Amino acid sequence: GSALTLPSSSVMLATGTLAGNKSWVTPGDEDVYNQLNSEAAAELGFSSDETNDAASLEFSFTADEGIESVTFSLIYATSEEIGDMEYLDAAVVMVDGENYAVFPNGYLLSNANGDFLCETDGDIITGFYNISPVQKVTALLDPEVSIHTMKVAIADNNDCSVPSAILITGLT
């Protein structure tokens, strides 16, 4: 396989500590919960009784006339077992209410997508054993609004004991 290259700087949100070794019993995130319980997710067997230990960053911005999208790169990292549908930690990147944080197969960023996660010994991103390659994402802006919103969130699903993280870099 090819080498995994990490960005030199990024914003990292995690469901536990940034070292990936502890989670907290804190509230979940409604957007992550809704994505885990969407019709598309249900067709794949995803579901959520509750999300916990959420971390989120949300902000508003304006775009110059003619700007129709934003781009960024992301990495999803988790210590959850690959393919564990009961403890399906997930992340979202919502731009104007639409989630753009999906793997190339269109599935939600989660530990269910083993084809898109590289197993490591936890030293590439300290404490996280399954890491996605860097993905470049283009998110369309809603042309009907003048003030746009972007939200990055990650949450544990149905437990609060194994951490996951999302890294965002290169937002333009």
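For clarity, every value in this text was computed on a predicted model and none was experimentally measured.

### Things to note about the overall build of the protein
Counting secondary structure elements, the protein contains two helices and eleven strands. Within the protein, the proportion of its 172 residues that are buried is 44%. Contacts in the protein between residues at least 24 apart in sequence constitute 77% of all its contacts with a sequence separation of at least 6. When the accessible surface of the protein is split by element, carbon and sulfur atoms take 49% of a total near 8,600 Å².

### A few points about the packing of aromatic side chains
Scanning all chains against the criterion turns up three aromatic pairs. Ring centres of Phe59 and Phe61 lie 6.1 Å apart, and the angle between their planes is 45°; this geometry places the pair in the tilted category. Relative accessible area serves as the criterion here: at 18%, Phe61 is assigned to the buried category. An aromatic cluster is present here, built from Tyr76, Phe103 and Phe116 joined pairwise through their rings.

### A short note on unusual backbone geometry
Here Asp96, not a glycine, exhibits a phi torsion of approximately 50°, which is positive. Here Asp96 is to be found in the loop between strand E4 (90-95) and strand E5 (98-99). Looking at Asp96, the relative accessible area reads 18%, which means it is buried.

### A few points about the nonpolar core
Ranked by size, the top nonpolar core spans 22 residues in total, and within it Phe72, Leu74, Val93, Leu109 and Ile166 carry the most contacts. Every element with two or more residues in this core is listed here: strand E2 (51-61), strand E3 (69-78), E4, strand E9 (135-140), strand E10 (148-157) and strand E11 (164-169). The greatest single-element share of this core, amounting to four residues, is contributed by E3.

### Thoughts on the environment of Ala91
Structurally, the position occupied by Ala91 is in strand E4. Residue classification places Ala91 among the buried residues on the basis of a relative accessible area of 0%. Measuring from C-alpha to C-alpha, the distance between Ala91 and Ile154 comes to 4.1 Å, with 63 residues separating the pair along the chain. Setting aside anything within four residues of it in sequence, one finds Ala91 in contact with Tyr76, Ala101, Leu108, Leu109, Ala153, Ile154 and Ile166.

### Here's the deal with the pattern of salt bridges
The final tally for this structure, using the stated rule, is one salt bridge. Here Lys151 and Asp31 are joined by a salt bridge, their closest N and O atoms 2.9 Å apart. With Lys151 in strand E10 and Asp31 in helix H1 (residues 30-36), this residue pair connects regions lying 120 residues apart in the sequence. In this structure Asp31 comes out as partly exposed when scored by relative accessible area, which is 23%.

### Some thoughts on the environment of Leu167
Summarising the element assignment, Leu167 is placed in strand E11. You can call Leu167 buried: its relative accessible area is 9%. Among all residues touching Leu167, those that are not within four sequence positions of it are Ser10, Val11, Met12, Ser73, Leu74, Ile75 and Ile125.

Cut-offs used in this document
- Residues numbered from 1 in each chain as written.
- Predicted model: local features only at pLDDT ≥ 70, side-chain atom pairs only at ≥ 80, totals over all residues.
- Heavy atoms only, no water.
- Helix = DSSP H or I, 4+ residues; strand = E, 2+ residues; numbered from the N terminus.
- Buried < 20%, exposed > 50% of the residue type's maximum accessible area, 1.4 Å probe, protein only.
- Contact = heavy atoms within 4.5 Å.
- Areas by Shrake-Rupley, 256 points an atom, 1.4 Å probe, with all protein chains shown as cover.
- Phe/Tyr/Trp six-rings, centres within 6.5 Å; stacked < 30°, edge-to-face > 60°.
- Core = buried A, V, L, I, M, F, W, Y, C linked by side-chain atoms within 4.5 Å.
- Salt bridge = Lys/Arg side-chain N within 4 Å of Asp/Glu carboxyl O.

Take it as geometry only, folks, not as evidence of what the structure does.
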